[in-house]
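One letter stands for each residue in the lines below.
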Amino acid sequence: MTGDDTKHLPLEDLHLAAGARFGAFAGWSMPLTYPAGVMKEHLHTREHAGLFDISHMKLFEVSGPGAEALLNRACPFDAGALEISQSKYTFFLNEAAGIIDDLIVTRLGRQRFMVVANAGNAEADEKHLRQLADADAKGDFDAKIEALDRVFLAIQGPEAWAALSRAGIETGSLLFMHGFEPRENWFMSRSGYTGEDGFEIGLPEAEARNLVAKLLEDERVMWVGLAARDSLRLEAGLCLHGLDITPEIDPASAGLMWAIPKEVRASGAFIGADALRAILERGPAQKRVGLKPEGRQPVRAGAALFDADGNPAGHVTSGGFGPSTGHPVAMGYVQASLAKPGAKLFADVRGTKIPIDINPLPFTPHRYRKG
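Let me begin by describing the structure that accompanies this report.

Rules of the game
- Residues numbered from 1 in each chain as written.
- Predicted model: local features only at pLDDT ≥ 70, side-chain atom pairs only at ≥ 80, totals over all residues.
- Heavy atoms only, no water.
- Helix = DSSP H or I, 4+ residues; strand = E, 2+ residues; numbered from the N terminus.
- Buried < 20%, exposed > 50% of the residue type's maximum accessible area, 1.4 Å probe, protein only.
- Contact = heavy atoms within 4.5 Å.
- Areas by Shrake-Rupley, 256 points an atom, 1.4 Å probe, with all protein chains shown as cover.
- Lys, Arg positive; Asp, Glu negative; His and termini not counted.
- Charge placed at Lys NZ, Arg CZ, Asp CG, Glu CD.
- Polar contact = N/O pair within 3.5 Å; in protein donor to acceptor, adjacent residues only side chain to side chain.
- Phe/Tyr/Trp six-rings, centres within 6.5 Å; stacked < 30°, edge-to-face > 60°.
- Lys NZ or Arg CZ within 6 Å of the ring centre and 35° of its normal.
- 1 Å grid on protein atoms, 1.4 Å probe; cavity = no way out; pocket = protein on both sides within 12 Å on 5 of 7 lines; lining within 4 Å.
- Points joined across faces, edges and corners; volume = space filled by probe spheres on them.
- Pairing = 2+ DSSP bridges.
- Axes fitted to C-alpha atoms, helices over the stretch in contact; angles between N-to-C directions.
- Left-handed = near helix turned anticlockwise from the far one by under 90°.
- Nonpolar A, V, L, I, M, F, W, Y, C, P; charged D, E, K, R; others polar.
- Parallel < 35°, antiparallel > 145°, perpendicular 65-115°, else oblique.

**Describing the overall build of the chain**
No. 1: Looking only at helices and strands, one finds nine helices and 20 strands in the chain.
No. 2: Each of the 371 residues in the chain was classed as buried or not, and the buried ones make up 54%.
No. 3: Contacts in the chain between residues far apart in sequence, at least 24 positions, make up 66% of those at least 6 positions apart.
No. 4: Surface accessibility of the chain: about 16,000 Å² in total, with carbon and sulfur atoms responsible for 51%.
No. 5: A distance of 4 Å separates the average location of the 39 positive side-chain charges in the chain from that of its 48 negative side-chain charges.

Take a look at the structure:
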């Protein structure tokens, strides 16, 4: 049952009409699957184009003379190095270098940035940024933080660009991890959460309804729910905040240091900088790895991992069946000494020990359009 405080998507009526089965996620009532089912939705996205309603996620505009300085304090990156329309994957960290949230930040103008935050953390993220700005006595962080009221859609897959083109939206000049404002009150980026080429579009509700209607006229496009979104991102080796990354996990342990430029690691004044430098100096105690269970039995989040001698070795954070790989896939954290391909582990699934190999990530190759 959904409680009275459950949030509902602006386009919920369209999902009901499409036969969606709903479930709770991060305080929202979300479409989990449609009549085609998770396997078909997943494979259709890999082969054609999947349409996702991600309006549970939040768009923030951060603007003003102190916007760059504020983001450099909040995130371990260099906002000043972003070209106009360039996007960057980054994080909000706490003082212990734990990941409060992972984000995508795009420069829209000289003093304007768009921040895309996760559903469960959107309110906390907004509060975090505002508190940073308000606590700045010198005025270096003079910035306006505006949470935007937008429908947010993702269209992912090798035919996403062609479907958008047929719907009257040209994408040719937009490369992976870039974003811009194609129309007033629209934000569009070439990014996503599936490992496929794709786009995320924030736009007003009335225009979103028109765009959805046009896209669904195209046989290459189908609605895809949260269940297939999860299996797609897991095959692509992408983290889910709250499971694979949390305020207790730092970017070094999570294998996400590629997102932090070397000069920022060395001398950045971001929150958690000293803690992260200390972790890097001594080396993380655990590391995120890909996990491939033997056989057909999926290994789910929370399963304990053991080494060949039966000693505790780590735990699974995400797991399920990979429709594209044809076998179970998982991710988790293991002791740093065991975090190498070929290491033999065992997962405890309801008292049964299932053999698991450490597997390179991603399980399916990324197919982003980078050039």
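Continuing now.
**Thoughts on the environment of His42**
No. 1: Mapped onto the elements of the fold, His42 is located in helix H2 (residues 38-47).
No. 2: Look at His42 and you get buried, because its relative accessible area is 0%.
No. 3: Discounting chain neighbours no more than four positions away, the residues touching His42 are Ala228, Ser231, Leu232, Glu235, Pro323 and Ser324.
No. 4: Within polar-contact distance, the side chain of His42 engages the side chain of Glu235 at 2.9 Å.

**As for the packing of aromatic side chains**
No. 1: Within the structure shown, the criterion is met by four aromatic pairs.
No. 2: With a centroid separation of 6.1 Å and an interplanar angle of 10°, the aromatic rings of Tyr34 and Trp223 are classed as stacked. A residue pair is termed long-range when its members are at least 10 positions apart, and Tyr34 in the loop between strand E3 (28-33) and H2 and Trp223 in strand E14 (residues 221-223) qualify at 189 residues. Exposure class is identical for Tyr34 and Trp223. Each is buried.
No. 3: Considering the side-chain rings of Tyr89 and Trp258, the 5.5 Å spacing of their centres and the 15° angle between planes classify their relative orientation as stacked. With Tyr89 in strand E6 (residues 87-93) and Trp258 in the loop between helix H7 (226-235) and helix H8 (262-267), the pair connects residues that are 169 residues apart, well separated along the chain.
No. 4: Trp258 sits in the exposed class, given a relative accessible area of 57%.
No. 5: A connected cluster of aromatic rings, assembled from ring pairs, spans Tyr89, Phe91 and Trp258.
No. 6: The aromatic ring of Trp186 is capped on one face by Arg183, whose charged end is 4.5 Å from the ring centroid.
No. 7: In this arrangement the basic side chain of Lys353 is found over the ring face of Phe306, its NZ or CZ atom lying 5.0 Å from the centre.

**With respect to empty space enclosed by the protein**
No. 1: Scanning all chains against the criterion turns up one cavity of 30 Å³ or more.
No. 2: Computed from the structure, the largest cavity encloses a volume of approximately 50 Å³.
No. 3: In terms of lining, the largest cavity is formed by Met30, Pro31, Tyr34, Phe52, Asp53, Ile54, Val224, Gly225, Leu226 and Arg229.
No. 4: The set of elements that each furnish at least two residues to the lining of the largest cavity consists of E3, strand E4 (49-53) and H7.

**Thoughts on the pairing of strand E13 (residues 198-203)**
No. 1: Within E13, six of the six residues are buried, which leaves the element mostly enclosed by the surrounding structure.
No. 2: Along E13, one buried face is formed by Gly198, Glu200 and Gly202 and the opposite face, lined by Phe199, Ile201 and Leu203, is buried too.
No. 3: By the bridge criterion, three bridges tie strand E12 (residues 187-189) to E13 in an arrangement that is antiparallel. In the strand pairing of E13, Phe187 is matched with Gly202.

**A few points about the packing of helix H3 (residues 67-74) against helix H4 (residues 122-134)**
No. 1: Running from amino to carboxyl end, H3 crosses H4 at an angle of 115°, the nearest separation of the two axes being 10 Å. The chirality of how H3 crosses H4 is right-handed. Touching Leu70, Arg73 and Ala74 of H3 are Leu129, Leu132 and Ala133, all from H4.
No. 2: Tallied by class, residues from the contact of H3 with H4 come to five nonpolar, no polar and one charged.

**Comments concerning the packing of H2 against H7**
No. 1: Viewed as axis vectors pointing N to C, H2 and H7 meet at an angle of 50°, and their least axial separation amounts to 9 Å. Comparing the axis directions of H2 and H7 gives the class oblique. As for the relative orientation of H2 and H7, their crossing is right-handed in sense. For the pair H2 and H7, contact is made by Val38, Glu41, His42, Thr45 and Arg46 and by Ala227, Ala228, Ser231, Leu232 and Glu235, respectively.
No. 2: When the residues that make up the contact of H2 with H7 are grouped by side-chain class, the tally is four nonpolar, three polar and three charged.

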